[in-house]
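Next come the chains, spelled out residue by residue.
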Amino acid sequence: MRRHGAAAGGLIPVLTWSGLRGGISVALVPALPRFEGKGVLLASTYAVVVFSVLVQGLTVRRVLVHYGVGQESRR
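Residues numbered from 1 in each chain as written. Predicted model: local features only at pLDDT ≥ 70, side-chain atom pairs only at ≥ 80, totals over all residues. Heavy atoms only, no water.

Caption draft 1: Looking closely at the overall build of the chain. When helices and strands are counted, the chain shows three helices and zero strands. Secondary structure elements in the chain, listed N-terminal to C-terminal, are α-α-α. Looking at the chain as a whole, 15% of its 75 residues qualify as buried. Put simply, of all contacts in the chain between residues at least 6 apart along the chain, 54% involve residues at least 24 apart. Only carbon and sulfur atoms are counted for the fraction: they give 64% of the accessible area of the chain, which is about 6100 Å². (Helix = DSSP H or I, 4+ residues; strand = E, 2+ residues; numbered from the N terminus. Buried < 20%, exposed > 50% of the residue type's maximum accessible area, 1.4 Å probe, protein only. Contact = heavy atoms within 4.5 Å. Areas by Shrake-Rupley, 256 points an atom, 1.4 Å probe, with all protein chains shown as cover.)

Caption draft 2: Region of interest: the side chain of serine 52. Within the fold, serine 52 resides in helix H3 (residues 38-67). Within polar-contact distance, the side chain of serine 52 engages the backbone oxygen of valine 49 at 3.2 Å. (Polar contact = N/O pair within 3.5 Å; in protein donor to acceptor, adjacent residues only side chain to side chain.)

Caption draft 3: The arrangement of the environment of glycine 39 in detail. In this structure, glycine 39 sits in helix H3. Looking at glycine 39, the relative accessible area reads 52%, which means it is exposed. Separated by ten residues in the primary sequence, glycine 39 and valine 29 place their C-alpha atoms 9.5 Å from one another.

Caption draft 4: Seen up close, the packing of helix H1 (residues 11-18) against H3. Taken N-terminus to C-terminus, the directions of H1 and H3 make an angle of 175 degrees; their axes are 9 Å apart at the nearest point. Put simply, H1 runs roughly antiparallel to H3. Here Pro13, Val14, Trp17 and Ser18 of H1 lie close against H3, whose contacting residues are Val55, Gln56, Thr59, Val60, Val63, Leu64 and Tyr67. Classifying every residue of the contact of H1 with H3 gives eight nonpolar, three polar and no charged. (Axes fitted to C-alpha atoms, helices over the stretch in contact; angles between N-to-C directions. Parallel < 35°, antiparallel > 145°, perpendicular 65-115°, else oblique. Nonpolar A, V, L, I, M, F, W, Y, C, P; charged D, E, K, R; others polar.)

Caption draft 5: Representation of H3 in the model. Its 30 residues give H3 an end-to-end C-alpha distance of 41 Å, which sits within 8% of 44 Å, the value for a rise of 1.5 Å per residue. Of all bends in H3, the biggest is about 45 degrees, found at threonine 59. Where H3 is buried, its residues meet H1 and helix H2 (23-28). Looking at the residues trailing H3, positive phi occurs at glycine 68, about 70 degrees. (Expected span 1.5 Å × (residues − 1). Bend = angle between axes of the 7 residues up to and from the residue.)

Caption draft 6: Structural context of a nonpolar patch on the surface. Residues Leu32, Phe35 and Leu41 make up a contiguous nonpolar surface patch of roughly 240 Å² in combined accessible area. Secondary-structure assignment places leucine 32 in the loop between H2 and H3. (Patch = residues over 30% accessible without salt bridge, like charges linked within 9 Å, V, L, I, M, F, W, Y side chains within 5 Å. Salt bridge = Lys/Arg side-chain N within 4 Å of Asp/Glu carboxyl O.)

Encoded structure:
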């Protein structure tokens, strides 16, 4: 985006922070063959994904305010 000059200040960190995490992990872990500890791996994967979605979801407004993204439309 910066190559084309379209990136506003702070846009890249906001997009990185607000991106959903874990979709591939949640899809791949159940597809693994059965082995000892697969249940622990599955539970851990879900816990990490839920935690990251909650933390990122609840703090994205702070990140937007910190970088001043979207304030131009309010003026």
